[in-house]
Amino acid sequence: MLEKWLEYSEEVLEAKKANKPVVALESTIISHGMPYPQNVQTAKEVEEIIRKNGAVPATIAIINGKIKIGLSDEELEFLAQSKDVEKASRRDLPYLVAKKKNGATTVAATMICAELAGIEVFVTGGIGGVHREAETTMDISADLQELAMTNVAVICAGAKSILDIGLTLEYLETHGVPVVGFETDVLPAFYTRTSPFSVNYRVDHAEEAAEMIRTKWELGLKGGVVIANPIPETDALEEAFITNVIESALKEAKENNIAGKKVTPFLLGKVKELTEGRSLTANIALVKHNAEVGSKIAVSLNK
Ligand code: PSU
Ligand code: MN
């Protein structure tokens, strides 16, 4: 049944046959999260880091209606350059697949596709969450609901303060999603290593993370686990600087009545503009760091 929709790259197919660890990667970050050509360069470098750490990368996207598990260089290049790629979350998948369109998968959609493909670990930059003023806008990312129900572990650098991090944690708590700090007691906030919030639990080794992920699923507890891995010290931005930038970006989004799926890409774009690219450098560094940690967790889970 699924064969009709899924299409694996040669590399991922081989890995599955040989029972090797596979790490999923999203494509919204390529099409809507970073500019060209840094987006495609980063995508390739991240894949390489995963290979070096003993796992096989599977970047996920919808291309001509096929759910692609693992992409060729040409496909990565296409996603990086084309203006004809929709941001695809859970609600967008049926239309894009049925209509044979192109979609760059968000955290939510990548989790869905990873689970369909039997992949347990997914590396990204940051997850979506409860937006500030969600009490009136009701803007809550579908990523959170996906974490509540889909069995994939997500390695990220925490949540950006474009979101209401406190409410995001409350939502995850309600839905039983553990938020685990990797070598940290404090929840990182993407560009910074800290935030005013604690993680639920701390692990210091990939094996520890893998053990708790496996235990969750063996207990029959559905849903994901968030592994929050702080940005490397040398790449972190100063807190006061990034807070100012984010405040301006939020103000501009409000003035321009940005809503729905456009909110996150708009804010990310503004932050990049206002930091004159420093946010992009930070973003690239943290994704690479997550790839390293995520592949170690995948290797450990595979044992
Ligand atoms: N946060 C980032 N970079 C990103 C995203 C979020 O720091 O690229 C992307 C991810 O694909 C995430 C999506 O799943 O934005 C969330 O969008 P929304 O808030 O519309 O659910
Ligand atoms: Mn939203």
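Worth saying up front: this structure is predicted, and the values here are computed from it rather than measured.

### So, the overall build of the protein
Right, so step 1: Along the backbone of the protein there are 13 helices and eleven strands.
Right, so step 2: Taken against the 2.2 N^0.38 rule, which gives 19 Å for 303 residues, the C-alpha radius of gyration of the protein at 18 Å falls within 12% of a compact globule.
Right, so step 3: By principal-axis analysis of the C-alpha atoms, the protein measures approximately 50 × 40 × 35 Å.
Right, so step 4: Across the 303 residues that make up the protein, the buried fraction comes to 50%.
Right, so step 5: In the protein, the share of contacts with a sequence separation of at least 24, taken over all contacts with a separation of at least 6, comes to 75%.

### What to know about the packing of helix H11 (residues 239-255) against helix H12 (residues 263-274)
Right, so step 1: Running from amino to carboxyl end, H11 crosses H12 at an angle of 135 degrees, the nearest separation of the two axes being 9 Å. Comparing their axes, H12 and H11 come out oblique. Of the two possible hands of crossing, H11 and H12 adopt the one that is right-handed. In this structure, H11 uses Val-245, Ile-246, Ser-248, Ala-249, Leu-250, Glu-252 and Ala-253 to contact H12, whose residues at the interface are Val-263, Phe-266, Leu-267, Lys-270, Val-271 and Leu-274.
Right, so step 2: Of the residues belonging to the contact of H11 with H12, the class tally is ten nonpolar, one polar and two charged.

### Brief notes about the site of ligand 1
Right, so step 1: The immediate surroundings of ligand 1 are formed by 18 residues, with Thr-28, Gly-33, Gly-126, Gly-128 and Ser-141 found nearest.
Right, so step 2: With three residues, the single largest contributor to the shell around ligand 1 is helix H2 (residues 28-33).
Right, so step 3: The class makeup of the residues in the shell around ligand 1 is five nonpolar, nine polar and four charged.

### Notes on unusual backbone geometry
Right, so step 1: Residue Tyr-36 is joined to Pro-37 through a cis peptide bond whose omega torsion reads 5 degrees.
Right, so step 2: With respect to the element layout, Pro-37 can be found in the loop between H2 and helix H3 (38-52).
Right, so step 3: In this structure, Phe-190 is a non-glycine residue whose phi angle is positive, near 65 degrees.
Right, so step 4: Mapped onto the elements, Phe-190 comes out in the loop between strand E9 (179-182) and strand E10 (201-203).

### Section: the nonpolar core
Right, so step 1: Counting residues in hydrophobic clusters, the biggest one holds 94 residues, and the most contacted among them are Val-154, Val-226 and Ile-227.
Right, so step 2: Setting aside anything within four residues of it in sequence, one finds Val-154 in contact with Val-107, Phe-122, Thr-124, Ile-127, Leu-147, Gly-224, Val-226 and Ile-227.

### Thoughts on the UniProt feature "binding site: Mn(2+)" (unreviewed entry) in the protein
Right, so step 1: In the numbering used here, UniProt assigns the feature "binding site: Mn(2+)" (unreviewed entry) to Asp-139.
Right, so step 2: With respect to the element layout, Asp-139 can be found in the loop between helix H7 (134-137) and helix H8 (142-149).
Right, so step 3: For Asp-139, a count of 19 C-beta atoms within 10 Å corresponds to the partly exposed category.
Right, so step 4: Residues within four places of Asp-139 in sequence aside, it is in contact with His-131, Ala-134 and Val-263.

Rules used in this analysis
Every residue gets a number counted from 1 within its own chain, in the order that chain's sequence is written. Labels follow written order: the first chain is A, the first ligand is 1, and so on. This being a predicted model, a pLDDT of at least 70 is required before a residue's local features are given, and a value of 80 or more before pairs of side-chain atoms are given or counted; all residues contribute to the totals for chains, interfaces and linings. Per the convention used, a helix needs a DSSP run of H or I reaching at least four residues, while a strand needs a run of E reaching at least two, with both numbered from the N terminus. Note that the radius of gyration is over C-alpha atoms, with the globule rule given as 2.2 Å times the number of residues to the power 0.38. Burial is judged by counting other C-beta atoms within 10 Å of a residue's own C-beta: 20 or more means buried, 12 or fewer means exposed, and anything between counts as partly exposed, with every C-beta placed from the backbone. Residue pairs qualify as contacts under a 7 Å threshold applied to their C-beta atoms, which are placed from the backbone. In this description, a line fitted to the C-alpha atoms serves as the axis of each element, helices being fitted only across the stretch in contact, and the angle between N-to-C directions of two axes falls anywhere from 0 to 180 degrees. Angle categories are assigned with fixed cut-offs, so that under 35 degrees is roughly parallel, over 145 is roughly antiparallel, 65 to 115 is roughly perpendicular, and the rest are oblique. Handedness of a crossing is defined here by the sense of rotation of the near helix relative to the far one, left-handed for an anticlockwise turn of less than a right angle and right-handed for a clockwise turn. Throughout this entry, Asp, Glu, Lys and Arg are counted as charged residues, while Ala, Val, Leu, Ile, Met, Phe, Trp, Tyr, Cys and Pro are counted as nonpolar. The remaining residues, Gly among them, count as polar. By definition, a residue lies near a molecule or strand when the C-beta atom built from its backbone is within 6 Å of it. For this analysis, nonpolar core means a set of buried Ala, Val, Leu, Ile, Met, Phe, Trp, Tyr and Cys residues linked through C-beta atoms within 7 Å. UniProt positions are given in the numbering used here, feature names are shortened, and annotations may be inferred rather than shown by experiment.

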